[in-house]
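What the coordinates show
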Amino acid sequence: MIRKAVMTDCQPIHHLIQTSFQIYRHDPVTASALHETRLSIALRLSRHEEAFVCMKDNRIVGCIFYAQNQHVCTFFRLSVDPAYQGQGISKLLLKTVEQEALNRSCHELMCETRATNIPFYAKQGYEEVSFNTSSSLYVFKKSLNMSKKTWQCA
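Residues numbered from 1 in each chain as written. Predicted model: local features only at pLDDT ≥ 70, side-chain atom pairs only at ≥ 80, totals over all residues. Heavy atoms only, no water.

On to the nonpolar core, then. In terms of nonpolar packing, the biggest core is built from 23 residues, with Ile64, Phe75, Val97, Leu109 and Tyr121 touching the most fellow members. Of all the secondary structure elements, the ones that give two or more residues to this core are β2 (50-56), β3 (59-69), β4 (72-80), α3 (89-103) and β5 (108-113). In terms of residues, this core owes the most to one element, α3, which gives 6 residues. Leaving out residues up to four positions away in the same chain, Leu109 has contacts with Cys73, Phe75, Val97, Glu98, Ala101, Tyr126, Phe140, Lys141, Lys142 and Leu144. Within the second largest apolar cluster, 20 residues are counted, among which are Cys10, Ile17, Ala31 and Ile60. (Core = buried A, V, L, I, M, F, W, Y, C linked by side-chain atoms within 4.5 Å. Buried < 20%, exposed > 50% of the residue type's maximum accessible area, 1.4 Å probe, protein only. Helix = DSSP H or I, 4+ residues; strand = E, 2+ residues; numbered from the N terminus. Contact = heavy atoms within 4.5 Å.)

As C-alpha cells, then:
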C-alpha cells in the first residue's frame, strides 16, 4: 500500500534511509542521505517537501521524497529496505510520484542519481541531461505527457 508520509513516520523513514543507503557508505562520493536525521526529515515534511511511503507487513519498506517548483517536480531519497528490494517497490513509488506530478500539472520530473542507478531510470523513461560536478551525480529528467494521465483501479 502506498500512502502520503506523515510526521509520525519520521523515525521509520530515517531508519529506512539509513539502511538502504548503507551500500554507499564507502563510496568516494558520500551519500548525503546518510547525514539525514529524524529532525531533518521532519523539517522536510513541514516545509515544501512531501513523501510517499510503501507499507508492507505493517511497516514502512519504501519511501520517496518530492517537491514541486512551478511545473517541475523533483524527487529524491528513493529508498527501499534491502530485504524488500527486487519486488517492484521503487518502480511503484516512482509511478506514484509521476501521477502526483501529473495531477499538479507538472511538465517534467527531475532527479539526481549515481551511475549504478542509471539503468533503472533509463528503463523508466528518464533521460540523462547533465552531470552535476558539485554532487558528482547524474541529472535525469522525464517529460510528462499532460494529456495522458494514468488511471489506477482500486
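Moving on: unusual backbone geometry. Its identity as a non-glycine residue notwithstanding, Asp57 has a phi of 50 degrees, on the positive side. Secondary-structure assignment places Asp57 in the loop between β2 and β3. A relative accessible area of 61% places Asp57 in the exposed class. The phi dihedral of Ser136 is positive, around 60 degrees, even though this residue is not glycine. The topology assignment puts Ser136 in the loop between β6 (127-132) and β7 (137-143).

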